[in-house]
Amino acid sequence: MLSWRNGLGTRLFMTVAALTLGAGAASAQGGFAATYQRQWGAAGTGAGQFNAAHAVAYHAGLARVYVADEANHRIQMFDVNGAVLGGWGAWGPGAGELKSPGSIAINPAGDRVYVVERDNHRVQYFSTSGQALGQWGGQGSGDGQFESPGGVAITADGQVLVADKGNQRVQRFTADGGYLGQFGAAGAGAGAFNDPIGVAVGPGGTIFVADSKNYLVQAFSPAGVFENQWGGNGSSTGLFGNEGPTSVIATASGLILVADPGNSRVQVFQLDGSWIGAWGSYGSGNGQFYYPNGAAPGAGGVVFVADELNNRVQVFALSVTLDLPERLYLPLLRR
């Protein structure tokens, strides 16, 4: 069922010591605290092992964690303590096969798992146990086509938003892939993109986009009209390292979690971009990261982080209440 290839290549990026968490220790920055809880995973191709733990999503109804095991070309399923529940995928272009799966989103009804594939330039959707239900896309720049798509998010009414990274836009679809529209264009101005890689839907339907090469998080109305932006390149609070922001997660309680892999941390903002705090530092110890590339809020203030190049998922308890996100985006890593 499973196929493996080593295709990650080398990534060079700056690291910053933001917060170092020991086992069970709490660290605080800007009045914000995170406590390391546990972890699972190791490098490999076996069940529960990873070749780039690229993205993570949490299904509240099933208390299940889905992980995009990118270079093993599969999705793995776990319980909240890391016990393997199953998985699906093998390298290929066919229905149910995967090429570099990088983004996962669960629909409002909780009966579909949407997966974006960078190298197949498409979106597939599955049952919660991994049965292939449908797909759309293909390489190109036309309506409904993609060029190395990044993130996926689902609106409250079931529409599917896809960050079409190579085409510098966000596209909107029905739940089954019918094209509805798009917004964005190449550039550095307000509402323009330079490799939009992540997308999320927050309270009230606001759309947040991780605009990676512009080092920004941009906010749009539900109709796709530009409203706000924040960020910049650097290692200070609120800035993003030289990989840019790679994923953005909007929670129903009014928090924005942003993966900042170039600085080996996850940053936390209010919906208006005001900085709340951050956690993480470069390394392989408990609470440290080597390319944190996605996060998923769980129950009771817990957050699951895809620590990609450490080939593991780490679990933290935050000092703020994290309601489940209205819709969740986990990223697709650039090459």
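Structure report, in brief.

Reading the values: rules and limits
Each chain has its residues counted from 1, running along the sequence as written. Local features are withheld for residues below a pLDDT of 70 in this predicted model, meaning they are given only at 70 or higher, and side-chain atom pairs are given and counted only at 80 or more; totals for whole chains, interfaces and linings count all residues. Hydrogens and water are ignored here; the side-chain numbers use all heavy atoms of the structure. Only DSSP runs of H or I with at least four residues qualify as helices, and only runs of E with at least two residues qualify as strands; both kinds are numbered from the N terminus onward. Exposure is judged per residue with a 1.4 Å probe applied to protein chains only, and the accessible area is read against the type maximum: over 50% gives exposed, under 20% gives buried, and values in between give partly exposed. In protein, a polar contact means a hydrogen-donor-capable atom and an acceptor-capable atom, both N or O and within 3.5 Å, with residues adjacent in sequence counting only if both atoms are side-chain atoms; elsewhere, any N or O pair within 3.5 Å suffices. Residues count as neighbours in contact if any of their non-hydrogen atoms are within 4.5 Å of one another. Strands are treated as partners if at least two bridges between them are detected by DSSP. The axes used here are C-alpha line fits, helices contributing only the stretch in contact, and every angle between their N-to-C directions lies in the interval 0 to 180 degrees. Any carboxyl oxygen of Asp or Glu that lies within 4 Å of a side-chain nitrogen of Lys or Arg is treated as forming a salt bridge with it. Aromatic pairs are defined between Phe, Tyr and Trp rings, using the six-membered ring for Trp, whenever the two ring centres lie within 6.5 Å; interplanar angles under 30 degrees are classed as stacked, those over 60 as edge-to-face, and all others as tilted. For the purposes of this section, nonpolar cores are sets of buried Ala, Val, Leu, Ile, Met, Phe, Trp, Tyr and Cys residues that join through side-chain atoms within 4.5 Å.

**A word on the side chain of Q168**
Along the polypeptide, Q168 turns up in the loop between β12 (160-164) and β13 (169-173). By relative accessible area, which is 13% here, Q168 ends up buried. Within the structure, Q168 has its side chain in polar contact with the backbone nitrogen of D195 (distance 2.6 Å). Sequence-distant contacts of Q168, defined by excluding residues within four places in its chain, comprise G184, A185, A186, F193, N194, D195 and P196.

**A few points about the environment of G191**
Within the secondary structure layout, G191 lies in the loop between β14 (179-183) and β15 (196-201). With relative accessibility at 16%, the residue G191 sits in the buried group. Residues within four places of G191 in sequence aside, it is in contact with G184, A185, Q218, F220 and F226.

**Side note on unusual backbone geometry**
Residues other than glycine predominantly adopt negative phi, and peptide bonds predominantly adopt the trans conformation. With phi around 50°, H121 is a residue other than glycine that occupies positive phi space. Topologically, H121 is positioned in the loop between β8 (113-117) and β9 (122-126). The residue D195 is not glycine, and still its phi comes out positive at about 65°. Secondary-structure assignment places D195 in the loop between β14 and β15.

**What about the sheet that holds β13?**
Within the open sheet, the four strands sit side by side as β11-β12-β13-β14. Their pairing is antiparallel. With partners counted over all chains shown, the strands left at the sheet margins are β11 (152-154) and β14, one partner each. The average angle at which neighbouring strand axes cross in this sheet is 20°, direction not considered. In terms of strand pairing, β13 meets β14 through four bridges, oriented antiparallel. Bridging across to β14, F173 finds its partner in Y179.

**Let's talk about the pattern of salt bridges**
One pass over the structure, following the stated rule, counts nine salt bridges. Between D195 and K213 there is a salt bridge, and its shortest N-O distance comes to 3.2 Å. Of this pair, D195 sits in the loop between β14 and β15 while K213 sits in the loop between β16 (207-211) and β17 (216-220); the two residues are 18 residues apart in sequence, bridging distant segments of the chain. Residue D307 pairs with R312 through a salt bridge whose shortest N-O separation is 2.7 Å. Comparing D307 with R312 shows no difference in burial state: the two are buried.

**With respect to the packing of aromatic side chains**
Following the criterion strictly, the structure yields 23 aromatic pairs and no others. Here Y114 and W136 contribute two aromatic rings whose centre-to-centre distance is 6.3 Å and whose plane-to-plane angle is 65°, an arrangement assigned as edge-to-face. One end of the pair, Y114, is in strand β8; the other, W136, is in strand β10 (residues 132-137), with 22 residues separating them in the sequence. Here the two residues Y114 and W136 agree in accessibility, since each one is buried. When the ring of Y125 is compared with that of W136, the centres are 6.1 Å apart and the planes differ by 50°; the resulting orientation is tilted.

**A closer look at the nonpolar core**
One finds L257, W279 and V305 to be the most contacted residues of the largest nonpolar core, which totals 16 residues. Among the elements that make up this core, the one with the highest residue count is strand β2 (residues 32-40) (three residues). Core analysis: the second largest hydrophobic core is formed by 14 residues, F50, V65, V302 and V315 among them.

**Quick look at the side chain of R118**
Note on placement: R118 falls in the loop between β8 and β9. Using a relative accessible area of 7% as the deciding quantity, one classes R118 as buried. Within the local environment of R118, its side chain forms a polar contact with the side chain of E70, the two groups lying 3.2 Å apart. Here D119 takes part through its side chain, which lies 2.6 Å from a polar atom of the side chain of R118.

**Concerning the sheet that holds β9**
Taken together, four strands build an open sheet; the order of strands is β7-β8-β9-β10 and the sheet is antiparallel. A single partner strand is all that each edge strand has here, and the edge strands are β7 (101-106) and β10. When strand polarity is set aside, the average angle formed by the axes of neighbouring strands in this sheet is 20°. Pairing geometry for β7 and β8, over five bridges, is antiparallel. In the sheet register, I104 faces β8, and the bridge partner there is V115.

**So, the environment of N228**
Turning to its location among the elements, N228 is positioned in strand β18 (residues 226-231). Ignoring any residue separated from it by four or fewer positions in sequence, one finds N228 in contact with V217, Q218, A219 and D272. There is a polar contact of 3.0 Å between the side chain of N228 and the backbone oxygen of D272.

In short, the description is geometric, and any link to function would need to be established separately.
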